[in-house]
Amino acid sequence: MKVLLINGSPNEKSCTYTALSKVAESLNEENIETEIIHLGNKATADCIGCKTCFKEGHQGKCVFDDIANEIIEKAKTSDGFIFGTPVYYAHPTGRILSVLDRVFYAGKKNFEFKPGASIASARRGGTTASFDVLNKYFTISQMPIVSSTYWNNIHGNNPEETVQDLEGMQTMYNLGKNMAWLLNCIEAGKKNNINHPNNVTQKTSFIR
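Residues numbered from 1 in each chain as written. Predicted model: local features only at pLDDT ≥ 70, side-chain atom pairs only at ≥ 80, totals over all residues. Heavy atoms only, no water.

> Would you take a moment to explain the sheet that holds strand 5 (residues 153-155) for this structure?
Pairing between the strands of a sheet comes from backbone hydrogen bonds, and it takes one of two forms, parallel or antiparallel. On the basis of which strands lie adjacent, the open sheet formed by five strands has the order 2-1-3-4-5 and parallel pairing. With one partner strand each, in any of the chains shown, strand 2 (33-38) and strand 5 form the two edges of the open sheet. Averaged over all neighbouring strand pairs, the angle between strand axes comes to 20°, with direction disregarded. Examined bridge by bridge, strand 4 (residues 116-122) and strand 5 share three bridges and lie parallel to one another. Each bridged residue has a counterpart across the sheet, and for S121 the counterpart in strand 5 is I154. The strands touched by helix 1 (residues 15-29) are strand 1 (2-7), strand 2, strand 3 (80-86), strand 4 and strand 5; relative to strand 1, the strand with the most contacts, the crossing angle is about 170°. Taken strand by strand, helix 4 (residues 127-139) contacts strand 3, strand 4 and strand 5, and its axis lies near 160° from that of strand 4. (Pairing = 2+ DSSP bridges. Helix = DSSP H or I, 4+ residues; strand = E, 2+ residues; numbered from the N terminus. Axes fitted to C-alpha atoms, helices over the stretch in contact; angles between N-to-C directions. Contact = heavy atoms within 4.5 Å.)

> What should I look at first to understand the packing of aromatic side chains in this one?
A ring pair, where both rings are aromatic, is described by two values, the distance of the centres and the angle of the planes. For the coordinates displayed, the defined rule picks out seven aromatic pairs. Between F83 and F104 the ring centres are 6.0 Å apart and the planes differ by 85°, which places this aromatic pair in the edge-to-face class. Placement of F83 in strand 3 and of F104 in helix 3 (residues 94-107) is noted, with a sequence separation of 21 residues between them. Per residue, the accessibility class of F83 equals that of F104, and both read buried. When the ring of F104 is compared with that of Y137, the centres are 5.3 Å apart and the planes differ by 35°; the resulting orientation is tilted. Residue F104 is found in helix 3, and its partner Y137 is found in helix 4; the two are separated by 33 residues along the sequence. Owing to a relative accessible area of 10%, Y137 belongs among the buried residues under this scheme. (Phe/Tyr/Trp six-rings, centres within 6.5 Å; stacked < 30°, edge-to-face > 60°. Buried < 20%, exposed > 50% of the residue type's maximum accessible area, 1.4 Å probe, protein only.)

> Where do I start with helix 2 (residues 67-75) in this structure?
An α-helical turn contains 3.6 residues, so a residue and the one three or four places further along point in the same direction. Here helix 2 has its buried residues at I67, A68, N69, I71, I72 and A75. Tucked into the core, helix 2 has its buried residues touching strand 1, strand 2, strand 3 and helix 3.

> Help me understand helix 1, please; the structure alone is not making it clear to me.
End to end, helix 1 covers 22 Å across 15 residues, agreeing with the expected 21 Å (1.5 Å per residue, within 8%). For helix 1, the complete set of buried residues consists of C15, T16, T18, A19, L20, V23, A24, S26 and L27. Its side-chain oxygen 3.4 Å from the backbone nitrogen of T16, S14 forms the N-cap of helix 1. Looking one or two places after helix 1, you find N31, whose phi comes out positive at around 65°. (Expected span 1.5 Å × (residues − 1). Polar contact = N/O pair within 3.5 Å; in protein donor to acceptor, adjacent residues only side chain to side chain.)

> Is there a simple way to think about unusual backbone geometry in this case?
Most of the time, phi is negative for any residue but glycine, and the peptide bond is trans. Here F113, not a glycine, exhibits a phi torsion of approximately 65°, which is positive. Here F113 lies in the loop between helix 3 and strand 4. Assessed through its relative accessible area of 19%, F113 is described here as buried. At N193, a residue that is not glycine, the phi angle is positive and equals roughly 60°. Checked against the element boundaries, N193 lands in the segment after helix 6 (166-191).

This is the structure we're talking about:
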């Protein structure tokens, strides 16, 4: 089994990376393979609602061929996901939101019914708001949300300070254990013919 971890910071070896690495360490102890993807610091396009990803020949692929399509492809063979973001102005980075908007718009089926969790890193405030925003990607995609022993937040202004947040680091470690446990439960269920439901979506607007 494999968990894909996404670092939404423009800085590759950042506080967010430090937190994600602790989660990965915990998962690896449970024989869960991990991969951390850094979104980078280049310009990233927003979703423009062109719906090209719904058209024949383009299904499941964003018209902007960049890291979003790489994530969609990797999601096919991933069993769980951790999304990490730093907090700059009391919300997730625009970078991770732009990428995830496109990833879930085009590649939603690759994520459905697979466990997900989000983490937020900040010097001081804005973590719970960021945590809430990222969790919405899971709840619109029928994904079980993995929790820990506290909200998945960590504090520090640099990696050296981050590791001094002992409760935050323990929260990250426990998150990995809980993710591994849920993945094993799902795998056991599959072996016993307990499969996810095939739900029907009824789309309406507020005027119909």
